[in-house]
Amino acid sequence: MSNLLSTDPKRPSARSFSGDATTPELNTMNVAAALVTAAIILGALYYGRDVLLPLAIAFLITFALNPPVNWLSRLGLPRVVSTSLVMLTLVCALAGLAVVLGAQVRSLAVELPTYQSTMLTKLADLRENLKAPGIFDGALKTAERVLKEIEPEDSHPAEAPAPQRVEVVPTQQTPFEQVLSWLTRSAEPLATAGIIFILVFLALLDRRSIRDRFLRLLGGNFHRSTDAMQEAGARISRYLLMQLLVNFSYGIPMAVGLWMIGVPGALLWGAVAAAMRFVPYVGPLIASIFPIALAFAVDSGWSMLVWTVALIVVLELISNNIVEPLVYGSSTGLSALSLIVSAILWTALWGPVGLILSTPLTVCLLVLGRNLPQLRFLEILLGSTPALDVPTRVYQRLIANDADEAVEISNTEIEKSSLIAFYDRVGIEVLRLASEEHYRNASAEHRLRLANGMDTLLDELREQYPLPLSQEVGPAVFCLGGKWEIDAMGGEMLAHALTVEGIVAVSLPAATMTVDYVANLDLQGANIVCLSYFSPRPAISARHACQRLRRRWPKLRIVLALWNAPPELLANEALEGLRADTVVTSIEEAVRRIHRIVDPEQANASQMAALPANDAKRVDALNATGVLEGHKREALDALAKRAADVFDTGAAVISTIHEDQEYFVGQSGKLPNAITDEVGALLPMTRNDAICNHVVAGEETLVVPDIERDPRFADNETIKRWDVRFYAGAPLRSADGLIFGALCILDPEPRTLEGNEIKLLESMAADVVAAITDSNSLGDTSKNSEPDSLSAILGVPAR
């Protein structure tokens with residue numbers, strides 16, 4: 001354990017838990033300013049609700065009505081006509097619904113007196129049952145008698161005379177006064193409804209101008225402001241649509257069920273149930289009161305009431321546990337806790353209407369938090385995404401002495417991918433974070449908790465993923481920590497990953513690679529030694545360790561695992577001075593490299609792309625498109641150039657995989673050292689050498705952040721000529737699921753793609769497929785029009 005406390009250079013971290021260097025006084029001032037600002041905003045929302053409520057309701061209705069208005073406008077109708085038609089349709093629908101429901105209400109009002117005798121009879125029966133002696137009556141009487149005996153006699157003062165009851169009889173109003181009173185009470189809601197109607201009409205009519213003005217108000221980065229507006233619109237529109245579907249899926253079965261049970265006004269109560277679900281939490285409860293009360297009043301027995309309650313309970317269970325999770329998904333991006341807290345807050349500010357608007361308004365706050373750095377705290381407070389990434393969560397659980405939860409998180413991540421992927425994305429990152437925080441913030445107790453917790457975590461993973469080989473086989477690989485215990489933990493992860501892949505490996509306890517330690521080291525039976533280093537400057541220590549090992553075992557193969565090394569140390573010139581056979585930077589790279597050393601033939605065979613089962617059919621479909629004849633070269637070159645420009649890469653190619661060759665049917669940018677014809681077009685290459693062959697075999701997008709660090713491609717001489725480090729290829733998938741090849745983007749510098757960028761690349765690949773399979777598709781695509789799938793991702797209408 002002492003090695004964990006040994007010295008190691010410090011390095012800054014973006015994921016560090018350390019606070020800033022501001023003084024306590026400045027922090028206090030910032031907190032005070034934030035609290036005052038929040039109080040002012042809440043006060044403005046509360047006292048300005050008479051003005052803000054109509055604006056918020058109009059804003060919500062505009063989001064709901066904008067899609068049909070846009071659809072009518074795309075059909076060629078003027079904007080004012082489209083808006084008028086949608087508003088007229090909405091008014092007519094509401095009026096028709098009011099007529100139907102009004103008829104139901106009048107029918108119920110006529111029939112209610114006939115239910116009076118049934119209600120009185122049931123209430124009388126209930127009263128008699130309540131008056132009957134119960135099992136607690138004797139106990140209550142005994143308690144009353146004991147209390148009377150305990151109380152002193154003088155504790156009961158003389159009873160004062162009962163107060164005289166006075167009844168105030170109001171003056172009878174004239175008919176004119178009654179009408180005036182009714183108009184006074186109804187004027188305010190009618191005026192508010194009229195204001196909302198006008199605001200919605202004007203917002204729909206002048207949407208583009210309002211959007212531009214809002215962008216101008218936000219100022220700054222137009223890209224960020226545009227993304228914020230598009231995300232808010234998409235999330236709110238999707239939420240409203242999903243809410244409408246959920247409400248209909250609840251209201252229609254409710255109406256049908258009540259009609260089958262025999263409850264009067266089934267259509268009315270179904271409509272009420274659907275409408276009240278717009279009110280979170282309390283709406284369904286309020287809506288259920290009316291059919292239950294009516295079932296109690298109508299039926300002389302109890303069966304109708306029981307069936308009605310059962311219907312409501314079953315529909316609630318289905319809606320809450322099946323329909324809503326299936327339909328909503330993560331449409332709003334809000335956490336469950338933030339939904340409840342926001343409902344309480346908006347209800348306190350704006351009453352019942354605030355409760356209805358709570359989710360859309362909170363979604364807007366979430367979007368602002370995601371796109372404006374000054375409001376990033378809103379995303380942390382409101383968002384459904386975890387506030388900490390997985391490595392940080394595991395590290396925090398370990399230093400909090402909660403190894404059990406760290407193991408639980410680890411198992412969840414392994415189920416999503418694999419053990420090797422977990423070690424790469426989480427395990428090594430946890431150790432990297434531990435090495436960075438070793439001196440910056442970690443105390444001695446934190447270091448001890450980390451060491452014990454990592455021991456528990458690795459022991460649990462070794463038990464769940466044991467050795468697939470017999471223990472009688474001697475070790476082929478020894479994994480050693482280069483300097484301190486964190487290095488040794490990285491070696492343990494690598495040894496476990498190797499054993500899971502069928503390569504016998506053992507890890508040795510933490511030690512420093514001194515002369516005495518190497519002299520006493522027993523590596524009998526080992527062919528390979530892997531030295532693990534987390535130091536950002538491991539060159540001197542690694543070189544000395546390699547020299548000492550080579551002096552004692554000249555034929556030993558040495559693999560350096562430099563988990564935290566800077567890019568300049570990984571250059572070929574720097575690596576030659578380390579005296580190692582190879583250098584790796586990830587668990588997956590180490591496993592593949594060592595596999596090539598242990599069994600080169602098997603490694604090469606296992607890392608070759610598999611042949612798809614439908615390869616013959618795929619090749620026939622590719623031939624049928626005629627793309628290999630070169631007639632669509634100009635259009636495909638334009639799409640390749642668009643991909644290179646969009647992703648800002650050095651080159652982009654569109655490749656197709658034939659029986660044994662890779663043909664390039666579209667290209668943008670030149671690869672100086674690649675084999676090309678006289679005009680610079682890439683010549684075909686063998687299928688086994690093609691990275692795109694792995695895209696065809698895997699039938700999914702392949703991203704290689706650094707080709708030099710991926711053993712599958714790093715030693716490929718053909719790919720080396722291209723002088724590229726980054727590769728990303730999206731499959732060219734036909735309508736019947738056949739993969740023709742890939743749309744690839746290439747860059748001379750290592751990089752990676754975010755999830756939304758991968759979707760964008762796949763969308764552009766779909767446009768390439770449309771161009772390949774449609775003889776008339778590319779004439780306009782490369783010039784004046786945006787492809788539909790790309791437009792959907794970018795959030796702009798197709799022209």
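Summarised in this report is the structure supplied together with it. What you are looking at is a predicted structure, and each value in this text was computed from that prediction instead of being measured.

**Some remarks on the overall build of the protein**
Along its length, the protein carries 31 helices and 11 strands. Pairs at least 24 apart in sequence give 70% of the contacts found in the protein among residues at least 6 apart. Accessible surface computed for the protein: about 44100 Å², of which carbon and sulfur atoms make up 60%.

**Here we look at empty space enclosed by the protein**
Summed over all chains, the structure comprises four cavities of 30 Å³ or more. Taken as a whole, the largest cavity spans an internal volume of roughly 50 Å³. For the lining of the largest cavity, the secondary-structure elements that each account for two or more residues are strand 7 (661–668), helix 28 (717–722) and strand 11 (739–747). Its residues placed into classes, the lining of the largest cavity shows 11 nonpolar, no polar and two charged.

**Describing the packing of helix 3 (residues 79–111) against helix 9 (residues 266–276)**
It is at 9 Å that the axes of helix 3 and helix 9 come closest, and there the two elements cross at 125°. Of the possible angle classes, the one that applies to helix 3 and helix 9 is oblique. Helix 3 and helix 9 meet at a crossing whose hand is left-handed. Here Val100, Leu101, Gln104, Val105 and Leu108 of helix 3 lie close against helix 9, whose contacting residues are Ala266, Leu267, Leu268, Trp269 and Ala271. Of the residues contributing to the contact of helix 3 with helix 9, the split by class is nine nonpolar, one polar and no charged.

**Let's talk about a nonpolar patch on the surface**
On the surface, a cluster of nonpolar side chains totalling about 690 Å² of accessible area is made up of Leu77, Val80, Val81, Leu85, Val91, Phe197, Ile198, Leu202 and Leu205. Taken together, the elements giving at least two residues each to the nonpolar patch come down to helix 3 and helix 6 (175–205). Mapped onto the elements of the fold, Val80 is located in helix 3. Its relative accessible area of 42% is what places Val80 among the partly exposed residues.

**Regarding the sheet that holds strand 4 (residues 557–562)**
Read across the open sheet, the five strands follow the order 2-1-3-4-5; overall the sheet is parallel. The open sheet has two edge strands, strand 2 (505–507) and strand 5 (582–584), and neither has a second partner. In this sheet, neighbouring strand axes are inclined to one another by 25° on average, regardless of whether the strands run parallel or antiparallel. Pairing between strand 1 (residues 477–481) and strand 3 (residues 528–533): five bridges, direction parallel. The partner of Val477 across the bridge, within strand 3, is Ile528. The strands touched by helix 20 (residues 539–552) within the sheet are strand 3 and strand 4, with strand 3 carrying the most contacts at an inclination of about 160°.

**What about the layout of surface pockets?**
The space that makes up the second largest pocket amounts to roughly 1700 Å³. Of all the elements in the fold, those that place two or more residues in the lining of the second largest pocket are helix 2 (49–74), helix 3, helix 6, helix 8 (222–261), helix 9 and helix 12 (336–371). At 10 residues, the largest contribution of residues to the lining of the second largest pocket is made by helix 8.

**Things to note about helix 24 (residues 615–625)**
Within helix 24, burial applies to Asp615, Arg618, Val619, Leu622 and Thr625. Relative to the axis of helix 24, the buried residues are bounded by an arc of 115° and lie together on one face. Exposed side of helix 24, more than 90 degrees from the buried face: Ala616, Lys617, Asp620 and Ala624 are the residues found there. In this structure, the buried residues of helix 24 make contact with strand 6 (651–657), helix 26 (692–698), strand 11 and helix 29 (755–773).

**Considering a negative patch on the surface**
Taken together, the side chains of Asp404, Glu408, Glu460 and Glu463 make up a negatively charged region of the molecular surface. Counting only elements with at least two residues in the negative patch, the list comes to helix 15 (403–416) and helix 17 (444–464). Position of Asp404 relative to the elements: it lies in helix 15.

**A closer look at the environment of Arg447**
Inspection of the secondary structure puts Arg447 in helix 17. Arg447 sits 49 residues away from Leu398 along the chain, and the two C-alpha atoms are 9.5 Å apart.

**Details of helix 16 (residues 419–440)**
Counted at 1.5 Å a residue, the expected span for helix 16 with its 22 residues is 32 Å, and the 30 Å between its end C-alpha atoms agrees. Within helix 16, the axis deviates most sharply at Arg425, by approximately 25°. A large share of helix 16 lies buried, amounting to 18 of its 22 residues.

**Comments concerning the pattern of salt bridges**
Counted according to the given criterion, the structure contains 23 salt bridges. Its salt-bridge partner being Arg462, residue Asp459 comes within 2.7 Å of it at the nearest N-O pair. You can see Asp459 and its partner Arg462 sitting in helix 17, three residues apart, about one turn around the helix. According to the relative accessible area criterion, Asp459 is partly exposed, its value standing at 39%. Assessed through its relative accessible area of 31%, Arg462 is described here as partly exposed. Among the ionic pairs, Arg557 bridges to Asp581, the shortest N-O distance being 3.5 Å. Within this pair, whereas Arg557 is found in strand 4, its partner Asp581 is found in the loop between helix 21 (572–576) and strand 5, the two being separated by 24 residues in sequence. For Asp581, a relative accessible area of 37% gives the class partly exposed.

**Describing the nonpolar core**
With 49 residues, the main nonpolar core has Val394, Tyr423, Met454, Val477, Leu498 and Ile587 as its most contacted residues. Examining the composition of this core, we find that 10 residues originate from one element, helix 16, more than from any other. Other than its neighbours up to four places away in sequence, Met454 contacts Leu398, Val430, Leu431, Met489 and Met493. If you look at the next biggest cluster of nonpolar residues, it comprises 27 residues, including Ile654, Val665, Ile745 and Leu760.

**Some points on the environment of Asn564**
Among the secondary structure elements, Asn564 is positioned in the loop between strand 4 and helix 21. Distance from Asn564 to Phe534, taken between C-alpha atoms, is 5.1 Å for residues 30 residues apart in sequence. In terms of polar contacts, Asn564 uses its side chain to reach the side chain of Arg432, at 2.8 Å. Within the structure, the side chain of Asn564 is placed 3.2 Å from the backbone oxygen of Phe534, a separation counted as a polar contact.

Cut-offs applied
Residues numbered from 1 in each chain as written. Predicted model: local features only at pLDDT ≥ 70, side-chain atom pairs only at ≥ 80, totals over all residues. Heavy atoms only, no water. Helix = DSSP H or I, 4+ residues; strand = E, 2+ residues; numbered from the N terminus. Contact = heavy atoms within 4.5 Å. Areas by Shrake-Rupley, 256 points an atom, 1.4 Å probe, with all protein chains shown as cover. 1 Å grid on protein atoms, 1.4 Å probe; cavity = no way out; pocket = protein on both sides within 12 Å on 5 of 7 lines; lining within 4 Å. Points joined across faces, edges and corners; volume = space filled by probe spheres on them. Nonpolar A, V, L, I, M, F, W, Y, C, P; charged D, E, K, R; others polar. Axes fitted to C-alpha atoms, helices over the stretch in contact; angles between N-to-C directions. Parallel < 35°, antiparallel > 145°, perpendicular 65-115°, else oblique. Left-handed = near helix turned anticlockwise from the far one by under 90°. Patch = residues over 30% accessible without salt bridge, like charges linked within 9 Å, V, L, I, M, F, W, Y side chains within 5 Å. Salt bridge = Lys/Arg side-chain N within 4 Å of Asp/Glu carboxyl O. Buried < 20%, exposed > 50% of the residue type's maximum accessible area, 1.4 Å probe, protein only. Pairing = 2+ DSSP bridges. Arc of directions from axis to C-beta. Lys, Arg positive; Asp, Glu negative; His and termini not counted. Charge placed at Lys NZ, Arg CZ, Asp CG, Glu CD. Expected span 1.5 Å × (residues − 1). Bend = angle between axes of the 7 residues up to and from the residue. Core = buried A, V, L, I, M, F, W, Y, C linked by side-chain atoms within 4.5 Å. Polar contact = N/O pair within 3.5 Å; in protein donor to acceptor, adjacent residues only side chain to side chain.

The quantities given are spatial measurements derived from coordinates; they are silent on function.
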